[in-house]
Amino acid sequence: MNILVFVKRVPDTESRIRIQHESRTIAEDGLNFVISPYDEYAIEEALRLKEAKGGTVRAVSVGRDEAAAILRKCLAMGADEALLVKDDAPESYDGLRTARIIARTVERKLAGADLLLFGKQSVGADNSQVPAMVAELLGLPQATVVTKLEIEGASATALREIEGGMEKVVLSLPAVVTAQKGLNEPRYETLKGIMAAKKKPVPTVTLDELGLGPDDLASRIDVTGLDVPAARQAGRILQGDPAETVRELVRLLRNEAKVI
Amino acid sequence: MIAVYLETRDGKIKKSSLEALSEAKRRAGELGVAAAAVLVGAAVADLAPGAHALGAAKVYIIEDRALGDYSSQAYAVALAGFAAETKPSALFFAATARGKDLAPRVAARLGASLASDCTKVAVKDGTLEFTRPIYAGKAFLSFRLKSSPLLATLRPNVFPLGEIAGSGGETVRIDVTIPEGVVRGRVAEVIKEESAELDVTEADVVVSGGRGLKGPEAFSLLRDLAAVLPRAAVGASRSAVDSGWIGHQHQVGQTGKTVSPNLYLAVGISGAIQHLAGMSSSKVIAAVNKDPEAPIFKVADYGIVGDLFEVVPRLTEELKKALAE
């Protein structure tokens with residue numbers, strides 16, 4: 001199987017997010033950047049499929065030079081190759097822009113893949129847009145938010161999470177699948193893997209080389225505001241005999257907050 | 001015209017879709033345009049009155065046998081075809097599992113950008129401005145879309161349902177052909193959770209447990225409590241899920257679900273930043289924790305400092321009594 005895994009560099013989930021109000025951007029200093037957590041499930045699934053069925057796993061990221069670090073992590077986990085699509089533009093929050101870049105990369109540089117794996121969303125932009133857009137641009141079927149994936153010949157069966165249950169989706173390959181927590185338990189890189197990854201090249205391709213012009217790359221999202229939510233005020237804290245505090249809480253929820 | 005795709009499940013329109021239609025109706029009123037609804041499926045025309053009642057002037061029906069089982073590819077062809085024919089200025093979806101699966105495909109097909117999981121839609125300078133949480137709610141982004149139609153998914157449980165006022169209205173059939181060979185993936189089966197539990201994103205009350213529960217057994221205390229309240233669901237912190245005490249579909253937080261119920265009750269949850277991100281847009285937060293210094297108390301409207309194993313069963317009993325009155 002020829003598998004592509006798309007990964008994104010994001011601030012880790014313990015990060016406190018600060019805003020630079022003038023530029024309406026997130027302050028990056030002091031943030032610890034990692035591979036987006038859902039992308040780890042995607043890379044793990046790719047490696048397991050390769051181990052079961054043979055083939056290659058290629059990890060791809062769109063971003064600045066710093067994204068090479070997460071591609072090295074993928075190589076250390078066991079990916080065969082990596083590709084960095086160099087995009088120096090700041091976060092645009094426009095999923096279609098990213099999807100166009102990825103779709104073009106696949107057409108020009110990575111043709112012939114059987115499976116395109118993504119995390120169900122990047123942690124941060126939280127758009128959950130790019131994989132389904134790539135699928136549409138490339139004319140591929142998709143299963144998003146997948147917790148179980150089985151491949152049999154040229155078809156795949158995926159279980160995807162929906163409200164109060166699951167959908168079983170049957171796809172013919174090539175297809176796009178996005179990983180949800182629960183799909184697998186991602187492995188840690190081994191020391192051997194880390195050392196080997198250091199020696200592997202991380203080739204880059206530029207947007208220019210992909211033939212993408214200003215119109216393809218323009219963001220259609222015009223940011224008018226970026227704010228942190230108003231801090232919640234600490235409320236009434238009840239201490240003492242549980243029988244009394246419970247009675248008081250129920251009274252407050254019913255008569256003051258009016259939520260029950 | 002602001003059109004809304006109405007998602008159907010088990011022969012009914014999803015509440016989240018009706019919320020999106022209600023919001024479309026309000027903003028359309030401000031803009032002086034009409035609100036409309038779109039139903040897609042094998043046999044959905046009977047559902048049109050539900051949309052008319054919420055103020056949709058027109059309900060568009062796209063019926064085809066090929067649209068019986070959900071397929072993101074076939075539905076994207078149908079909705080993009082609808083948009084090309086009727087030229088709505090905006091098209092909304094509910095940000096449900098299906099909405100998130102389908103809207104980006106429609107967007108890519110139309111070459112238009114998409115506002116995902118919006119929590120606010122406003123009219124500014126004669127156009128729509130969208131606000132959505134990023135970093136699971138650690139920040140909020142407001143923006144306009146510079147492509148057409150304006151495409152957005154609206155977060156469930158955020159936008160109030162409109163008054164049931166209208167009755168009757170126009171029903172318009174749209175013919176869409178799904179070309180042979182285009183559809184290479186579709187839903188073969190829908191598997192319902194045995195307990196048919198309400199999803200945390202759709203619940204009015206979320207009762208969540210964390211590390212303080214000390215094991216999977218104590219979640220039964222939370223389930224008992226949730227069973228007393230209408231439309232309540234059980235949630236969990238990441239550490240409870242990672243310890244294997246409860247399934248990840250219950251996880252609230254930055255690598256789980258973001259919820260905004262009327263009441264969020266955090267039990268034995270300290271309040272790590274990635275958890276707070278997923279629940280701090282709840283209307284009212286109550287917390288039970290034995291540590292008076294737990295960060296959760298800094299965001300809670302009400303809190304009880306105490307042993308959850310003593311507090312929760314009592315709370316269940318008190319709530320039963322209060323609701324019986």
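Criteria and thresholds
Residues numbered from 1 in each chain as written. Chains lettered and ligands numbered in written order. Predicted model: local features only at pLDDT ≥ 70, side-chain atom pairs only at ≥ 80, totals over all residues. Helix = DSSP H or I, 4+ residues; strand = E, 2+ residues; numbered from the N terminus. Rg over C-alpha atoms; globule rule 2.2 N^0.38 Å. Buried ≥ 20, exposed ≤ 12 C-beta atoms within 10 Å, placed from the backbone. Contact = placed C-beta atoms within 7 Å. Nonpolar A, V, L, I, M, F, W, Y, C, P; charged D, E, K, R; others polar. Pairing = 2+ DSSP bridges. Axes fitted to C-alpha atoms, helices over the stretch in contact; angles between N-to-C directions. Domains from an automatic or database assignment. Core = buried A, V, L, I, M, F, W, Y, C linked by C-beta atoms within 7 Å. pLDDT = per-residue confidence, 0-100. Right-handed = clockwise from strand over helix to strand, strands pointing away.

(A) Just the overall build of chain B, in detail. In terms of helices and strands, chain B carries nine helices and 18 strands. Taking 20 Å as the expected radius of gyration for a compact globule of 325 residues, we find that chain B reaches 21 Å, a close match to that expectation. C-alpha atoms of chain B, sized along the principal axes, occupy 60 × 45 × 40 Å. Counting only residues that meet the buried cut, chain B has 59% of its 325 residues in that class. Looking at chain B alone, contacts between residues at least 24 apart form 65% of all its contacts between residues at least 6 apart.

(B) How the structure looks around the overall build of chain A. Regarding its fold elements, chain A presents seven helices and 15 strands. With the C-alpha coordinates of chain A rotated into their principal frame, the extents come out at 65 × 45 × 40 Å. Split into buried and exposed, the 260 residues of chain A put 48% on the buried side. For chain A, contacts bridging at least 24 residues in sequence account for 71% of all contacts bridging at least 6.

(C) The arrangement of the interface of chain B and chain A in detail. The interface of chain B with chain A comprises 78 residues on the first partner and 74 residues on the second. Along the lines of polarity and charge, the residues of the side of chain B that touches chain A split into 37 nonpolar, 18 polar and 23 charged. Bridge analysis of strand 11 (residues 165-172) of chain A against strand 13 (residues 185-192) of chain B gives seven bridges, and the strand direction is antiparallel. Looking at the pairing, Val-170 of chain A lines up with Arg-186 of chain B of strand 13 of chain B.

(D) Structural detail: helix 4 (residues 130-138) of chain A. In terms of residue burial, helix 4 of chain A counts as a mostly covered element, since eight of its nine residues are buried. Within the sequence span of helix 4 of chain A, burial applies to Val-130, Pro-131, Ala-132, Met-133, Val-134, Ala-135, Glu-136 and Leu-137 of chain A. Looking at the buried residues of helix 4 of chain A, the elements they touch are helix 3 (95-109), strand 8 (115-119), strand 9 (142-152) and strand 12 (175-179) of chain A together with helix 3 (72-86) and helix 4 (97-110) of chain B. Immediately downstream of helix 4 of chain A, the backbone of Gly-139 of chain A shows phi near 70°, a positive value.

(E) A look at the sheet that holds strand 12 of chain A. On the basis of which strands lie adjacent, the open sheet formed by ten strands has the order 13(A)-7(A)-6(A)-1(A)-8(A)-12(A)-9(A)-10(A)-11(A)-13(B) and mixed pairing. Each edge of the sheet is formed by a strand with only one pairing partner; in this case those strands are strand 13 (204-206) of chain A together with strand 13 of chain B. Direction aside, the axes of adjacent strands within the sheet are offset by 30° on average. Relative to strand 8 of chain A, strand 1 (residues 2-6) of chain A is paired through four bridges, and the arrangement is parallel. Across the sheet, the residue bridging to Ile-3 of chain A is Leu-115 of chain A, located in strand 8 of chain A. Along the sheet face, helix 1 (residues 37-53) of chain A touches strand 1, strand 6 (56-63), strand 8, strand 9 and strand 12 of chain A and points at about 150° away from the line of strand 8 of chain A.

(F) Seen up close, the domain arrangement of chain B. All names here are of chain B. Domain assignment breaks chain B into domain 1 (2-173) and domain 2 (205-324). Each partner contributes to the interface: domain 1 provides seven residues, whereas domain 2 provides eight residues. The class makeup of the residues in the side of domain 1 that touches domain 2 is four nonpolar, two polar and one charged.

(G) Spotlight on the nonpolar core. Among the nonpolar cores identified, the biggest contains 197 residues, and Val-5, Cys-74 and Leu-117 of chain A together with Leu-21, Ala-37, Val-38 and Leu-79 of chain B are the most heavily contacted of them. Among the elements that make up this core, the one with the highest residue count is helix 3 of chain B (nine residues).

(H) Just the confidence of the model for chain B, in detail. Scored by pLDDT, chain B comes out at a mean of 95, with 99% of its residues at no less than 70. Both scores are available for the predicted complex, with the pTM at 0.95 and the ipTM at 0.95.

(I) Quick peek at the sheet that holds strand 15 (residues 232-236) of chain B. Strand order in the open sheet formed by six strands is 15(A)-18(B)-17(B)-16(B)-14(B)-15(B), with parallel pairing between adjacent strands. Lying at the two open borders of the sheet, with one neighbouring strand each, are strand 15 (236-239) of chain A together with strand 15 of chain B. The average angle at which neighbouring strand axes cross in this sheet is 15°, direction not considered. Across five bridges, strand 16 (residues 263-267) of chain B lies against strand 17 (residues 284-289) of chain B in parallel orientation.

(J) The arrangement of the pairing of strand 4 (residues 35-41) of chain B in detail. Residues and elements named next belong to chain B. In terms of burial, strand 4 is a largely internal element, seven of the seven residues being buried. Here strand 4 shows two buried faces, one formed by Ala-35, Ala-37, Leu-39 and Gly-41 and the other by Ala-36, Val-38 and Val-40. For strand 1 (residues 2-6) and strand 4, the ladder comprises five bridges, and the chain directions are parallel. In the sheet register, Val-4 faces strand 4, and the bridge partner there is Ala-37. Of the strand pairs in this sheet, strand 4 and strand 5 (residues 58-63) are connected by six bridges, and their pairing is parallel.

(K) Structural context of unusual backbone geometry. For the peptide bond that leads from Leu-173 of chain A to Pro-174 of chain A, omega is 0°, which places it in the cis range. Cis geometry is adopted by the peptide bond preceding Pro-149 of chain B, which originates at Ser-148 of chain B and carries an omega value of -5°. With respect to the helices and strands, the residue Pro-149 of chain B is situated in the loop between strand 10 (139-145) and strand 11 (150-154). Look at Tyr-135 of chain B: it is not a glycine, yet its phi comes out positive at around 50°.

(L) Quick peek at the pairing of strand 14 (residues 205-209) of chain B. Residues and elements named next belong to chain B. With five of five residues buried, strand 14 is to be regarded as a mostly interior element. Here strand 14 shows no split at all, with Val-205, Val-207 and Gly-209 on one side and Val-206 and Ser-208 on the other all buried. Pairing analysis gives five bridges linking strand 14 to strand 15, with the strands arranged parallel. Considered in strand 15, the bridge of Ser-208 is made with Gly-235. Between the parallel elements strand 14 and strand 15, the chain passes through helix 5 (residues 219-228) in a crossover that is right-handed. Note that strand 14 and strand 16 share five bridges and pair parallel. Along strand 16, the bridge assignment pairs Val-205 with Leu-263.

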